[in-house]
Amino acid sequence: MIGDWIASLFAAFVIDSVEADIRQRLEEMQAPVQVVAQVGDCLRTTGPALVDRAGGDLWWAAITAITVTTGLTSPAELLDADNPACAPIANYLISAEAEA
């Protein structure tokens, strides 16, 4: 029961803010439109896995929420690079961050 509550908070505060942050970063980097358009598809497939993990591992959920909020963890690190919907986004963000 507590895990479900934590998972819903994680979804509301982390997943939604990650999506907004990723979209903003991609737009600032002038990423191709097709990459920006994939953000929704990526989080629709990766988001549930992250929420499930948050519900089952409360410590991970708390640490992840804190590090994402404070900027210690890049939103790109939460994306599943093996997911075909997320790979272009993750690769673009990671390569752009490496160049900066």
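Preceding this section is the structure that the text describes.
Attention here is on the structure that accompanies the text. Per-chain numbering applies: the sequence of each chain, read as written, is numbered from 1 onward. A pLDDT threshold of at least 70 governs which residues receive local features in this predicted model, and a stricter bar of 80 or more applies before side-chain atom pairs are shown or counted, although totals over entire chains, interfaces and linings include all residues. Side-chain metrics rest on all non-hydrogen atoms present in the structure, leaving aside hydrogens and water.

1. Quick word on the overall build of the protein
- Broken down by element type, the protein carries 4 helices and 0 strands.
- Secondary structure elements are defined from DSSP: runs of H or I of at least 4 residues count as helices, runs of E of at least 2 residues count as strands, and each element is numbered from the N terminus. Starting at the N terminus, the α and β elements of the protein follow one another as α-α-α-α.
- The C-alpha radius of gyration computed for the protein amounts to 13 Å, which stays within 12% of the reference 13 Å derived for 100 residues, consistent with globular compactness.
- Over its C-alpha atoms, taken along the principal directions, the protein stretches across nearly 40 × 25 × 20 Å.
- Three exposure classes are used, based on accessible area relative to the maximum for each residue type with a 1.4 Å probe and protein chains only: buried under 20%, partly exposed in between, and exposed over 50%. The 100 residues of the protein split such that 38% are buried.
- For the protein, restricting intrachain contacts to residue pairs at least 6 apart in sequence, the fraction spanning at least 24 positions comes to 71%.
- All accessible areas in this document rest on Shrake-Rupley with a 1.4 Å probe, and a residue is counted as covered only by the protein chains that are shown. Carbon together with sulfur atoms contributes 60% to the accessible area of the protein, which is approximately 5,900 Å² in total.
- This count recognises Lys and Arg as positive and Asp and Glu as negative, with His and chain-terminal groups excluded. Where a charge lies is defined by one atom per residue type, namely NZ (Lys), CZ (Arg), CG (Asp) and CD (Glu). Treating the 4 positive side-chain charges of the protein as one cloud and the 14 negative ones as another, the clouds have centres 3 Å apart. With C-alpha atoms as the basis for the radius of gyration, the globule rule is written as 2.2 Å multiplied by the number of residues raised to the power 0.38. Residue contacts are counted whenever heavy atoms from the two residues lie within 4.5 Å of one another.

2. Section: the side chain of Thr46
- Topologically, Thr46 is positioned in helix α2 (residues 33–56).
- For Thr46, the side chain forms a polar contact with the side chain of Asn83, separated by 3.2 Å.
- Ignoring sequence-local partners within four residues, the contact set of Thr46 consists of Leu78, Asp80, Asn83 and Cys86. Whenever two N or O atoms come within 3.5 Å, that pair is a polar contact, provided that in protein one can donate a hydrogen and the other can accept it, and provided that, for residues adjacent in sequence, both atoms are side-chain atoms.

3. Details of the packing of helix α1 (residues 2–28) against α2
- Axis separation between α1 and α2 bottoms out at 9 Å; the angle between their running directions is 155°. With respect to α2, the axis of α1 lies roughly antiparallel. Here α1 runs over α2; the crossing is right-handed. Between α1, through Gly3, Ile6, Ala7, Phe10, Ala11, Ile15, Glu19, Ile22, Arg23, Leu26 and Glu27, and α2, the contact on the second element is made entirely by Val35, Val36, Val39, Gly40, Leu43, Gly47, Leu50, Val51, Ala54 and Gly55.
- The classification used treats Ala, Val, Leu, Ile, Met, Phe, Trp, Tyr, Cys and Pro as nonpolar, Asp, Glu, Lys and Arg as charged, and all other residues, Gly among them, as polar. Classifying every residue of the contact of α1 with α2 gives 14 nonpolar, 4 polar and 3 charged. The axes used here are C-alpha line fits, helices contributing only the stretch in contact, and every angle between their N-to-C directions lies in the interval 0 to 180 degrees. When describing relative orientation, an angle under 35 degrees is termed roughly parallel and one over 145 degrees roughly antiparallel, while 65 to 115 degrees is termed roughly perpendicular and anything else oblique. By convention, the crossing between two helices is left-handed when the near helix turns anticlockwise from the far helix through less than a right angle, and right-handed when the turn is clockwise.

4. Some words on unusual backbone geometry
- Positioned with a positive phi, Gln30 is a non-glycine residue whose angle comes to about 55°.
- Of note, Gln30 is situated in the loop between α1 and α2.
- Residue Gln30 is classed as exposed on the basis of its relative accessible area, which comes to 69%.

5. Observations concerning the pattern of salt bridges
- Definition used for salt bridges: Asp or Glu carboxyl oxygen within 4 Å of a side-chain nitrogen of Lys or Arg. A full pass over the atoms with the stated rule returns 3 salt bridges.
- Of the charged contacts in the structure, one is a salt bridge between Arg25 and Asp21, with a shortest N-O distance of 2.9 Å. Highlighted residues: Arg25 and Asp21, both in helix α1, separated by 4 residues, approximately one helical turn.
- Arg25 sits in the partly exposed class, given a relative accessible area of 26%.

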